[in-house]
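# What the coordinates show
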Amino acid sequence: EVIQPIKEIKAKVVDLLPKKKITSMHTELESKIDIKILEQQIVDSETFDLNEFKKYLCLIIDTMAKICAPVRDDKINDLRQQLAACQIWTITRLLNDVNKLLKLMAIDMANFSIKAIRPYLQKQQVEYERKKMLEYLKQNPVNGLLHTKSWLGTAFRGIMNDQERNNSIGIK
């Protein structure tokens, strides 16, 4: 069954496209990859056209090439070579390789997004922790820092013991 993987691949590519506005890549994918026509071709095996199927995959791979990180260019080129040599019996391997690359691209996109918002998140994190600490201290004014004081005391004693040990063996 080739239809389901093509549907999934198309959906994954669309998910990687910008979400706030419809681009020419959105409209091109929607207009040129008609799943219903592909289904009809596959149901009637006499009319299945491998070259037509390759056009669908070529459009998908070209779209992937436009939105992938430069580090993935070699994998895109590998897919293009596989597509050029594709025969009916190698379709499954090609679809699997497209899916693998789409997973990598989704990870790349997530990492890029995290990197882009990291400074904002760090700023928010400090403010959030400060706010939560003040709330906790208001609720527990007497014992609020008991654990912190204990931890600081333990850490201080550990440092002092290390320093004493170093002094006794002549390390400064």
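An account of the accompanying structure is given in this report. This structure is a prediction, so every number in the text was calculated from the model and none was measured.

## Comments concerning helix H2 (residues 24-32)
Three or four residues apart is the spacing at which side chains of an α-helix point the same way, because the helix has 3.6 residues per turn. For H2, the complete set of buried residues consists of Met25, His26 and Leu29. For H2, the angular spread of buried residues about the axis comes to 105 degrees, placing them on one side. Opposite the buried face of H2, at more than 90 degrees from it, the exposed residues are Ser24 and Ser31.

## Re the packing of helix H4 (residues 50-67) against helix H6 (residues 91-139)
At a minimum axis separation of 12 Å, H4 and H6 run at an interaxial angle of 15 degrees. Taken together, the axes of H4 and H6 are roughly parallel relative to one another. Along this stretch, H4 crosses H6, giving a crossing that reads as left-handed. Here Leu50, Phe53, Leu57, Ile61, Met64 and Ile67 of H4 come into contact with H6, specifically with Ile91, Leu94, Leu95, Val98, Leu101, Leu102 and Met105. For the contact of H4 with H6, a count of residues per class yields 13 nonpolar, no polar and no charged.

## Comments concerning the packing of helix H1 (residues 3-16) against H2
Direction vectors running N to C along H1 and H2 enclose 165 degrees, while the axes themselves pass 10 Å from each other. With respect to their mutual orientation, H1 and H2 come out roughly antiparallel. Where H1 crosses over H2, the two elements pack in a sense that is left-handed. Facing H1, whose interface residues are Lys10, Val13 and Val14, H2 presents His26, Leu29 and Glu30. In the contact of H1 with H2, the residues fall into three nonpolar, one polar and two charged.

What counts, and at which threshold
Residues numbered from 1 in each chain as written. Predicted model: local features only at pLDDT ≥ 70, side-chain atom pairs only at ≥ 80, totals over all residues. Heavy atoms only, no water. Buried < 20%, exposed > 50% of the residue type's maximum accessible area, 1.4 Å probe, protein only. Helix = DSSP H or I, 4+ residues; strand = E, 2+ residues; numbered from the N terminus. Arc of directions from axis to C-beta. Axes fitted to C-alpha atoms, helices over the stretch in contact; angles between N-to-C directions. Parallel < 35°, antiparallel > 145°, perpendicular 65-115°, else oblique. Left-handed = near helix turned anticlockwise from the far one by under 90°. Contact = heavy atoms within 4.5 Å. Nonpolar A, V, L, I, M, F, W, Y, C, P; charged D, E, K, R; others polar.

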